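Working through the structure, step by step
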Amino acid sequence: MSTTNASAQAAALADKIRTMRFAMFTTVDAHGHLISHPMTNQDTDEQGGLWFYTSIHTPLWQNIVLQPEVNVSFAQPDDSLYVSISGTAERVVDRERIRALWNPMVQAWFPHGPDDEHVVLVRVAPHSAEYWDSNDSKMVRLFQMAKAAVTGSTPDVDPGEHGTIKLEEGQSGRV
């Protein structure tokens, strides 16, 4: 993938999730079970990397060592926008970066501040992102679903846009 194309794909991903700060971050635990954690996306970098704060004492931090392949899902139901990102998570202990991303909301979770030795970052380098974005308003969708329930038919709603954003070279076979 060319640098220009990779930058465009990263920008497309950042644009899709710009208004969706909260995500479900899914890891695999030591028993092979999928575990999801609500997390707040702090930043999306120029390569499409997603940045999250966590503690070294969380299962998420431990699970990444065992299995760095993760999924991060965002949802904005009022706008019928859903994004699912698969990628590789890395544990980052970089006090300068921790301070750079620090904000009052993070302070609420980590009252000892950015120099607390337990405060760390996780960066997810996305392989690809799949998204669903409906064009119909919420009221139209609700009306069509109610009508379908009464008549026993399929809702007549615009399925909207569905697509995949590729962010890693060699991933064209992934869906």
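Per an unreviewed UniProt entry, the protein is named Pyridoxamine 5'-phosphate oxidase family protein, and its organism is Massilia haematophila.

Attention now moves to the overall build of the protein. Along its length, the protein carries five helices and eight strands. Along the protein, helices (α) and strands (β) appear in the sequence α-β-β-β-β-α-β-β-α-α-β-α-β when read from the amino end. Evaluated residue by residue, the protein yields a buried proportion of 41% over its 175 residues. Put simply, the protein shows about 10,000 Å² of open surface, and 56% of that area lies on carbon and sulfur atoms.

So, on to the packing of aromatic side chains. Taken as a whole and assessed by the stated rule, the structure comprises two aromatic pairs. Between the aromatic rings of F25 and F52, the centroid separation amounts to 5.2 Å while the plane-to-plane angle is 80 degrees, which identifies the pairing as edge-to-face. In this pair, F25 sits in strand β1 (residues 22-28) while F52 sits in strand β4 (residues 50-55), placing the two residues 27 residues apart along the sequence. The exposure class of F25 is buried, given its relative accessible area of 0%. Measuring from ring centre to ring centre gives 5.5 Å for Y53 and W102, while their planes differ by 85 degrees; the resulting arrangement is edge-to-face. Taken together, the positions of Y53 in strand β4 and W102 in the loop between α3 (95-101) and α4 (104-109) put the pair 49 residues apart, joining distant regions of the chain. A single burial state applies to Y53 and to W102, both of which are buried. Above the ring of W51, the side-chain terminus of R97 is found at 4.1 Å from the ring centroid.

Time to look at helix α2 (residues 59-66). Every buried residue belonging to α2 is among L60, W61, N63 and I64, and all of these are buried. Along the axis of α2, the buried positions cluster into a sector of 165 degrees, meaning they face one direction only. Relative to its buried face, α2 has exposed residues pointing more than 90 degrees away, namely V65 and L66. For α2, the secondary structure elements touched by its buried residues are β1, β2 (34-40), β4, β6 (81-92) and β7 (119-133).

Cut-offs applied
Residues numbered from 1 in each chain as written. Predicted model: local features only at pLDDT ≥ 70, side-chain atom pairs only at ≥ 80, totals over all residues. Heavy atoms only, no water. Helix = DSSP H or I, 4+ residues; strand = E, 2+ residues; numbered from the N terminus. Buried < 20%, exposed > 50% of the residue type's maximum accessible area, 1.4 Å probe, protein only. Areas by Shrake-Rupley, 256 points an atom, 1.4 Å probe, with all protein chains shown as cover. Phe/Tyr/Trp six-rings, centres within 6.5 Å; stacked < 30°, edge-to-face > 60°. Lys NZ or Arg CZ within 6 Å of the ring centre and 35° of its normal. Arc of directions from axis to C-beta. Contact = heavy atoms within 4.5 Å.

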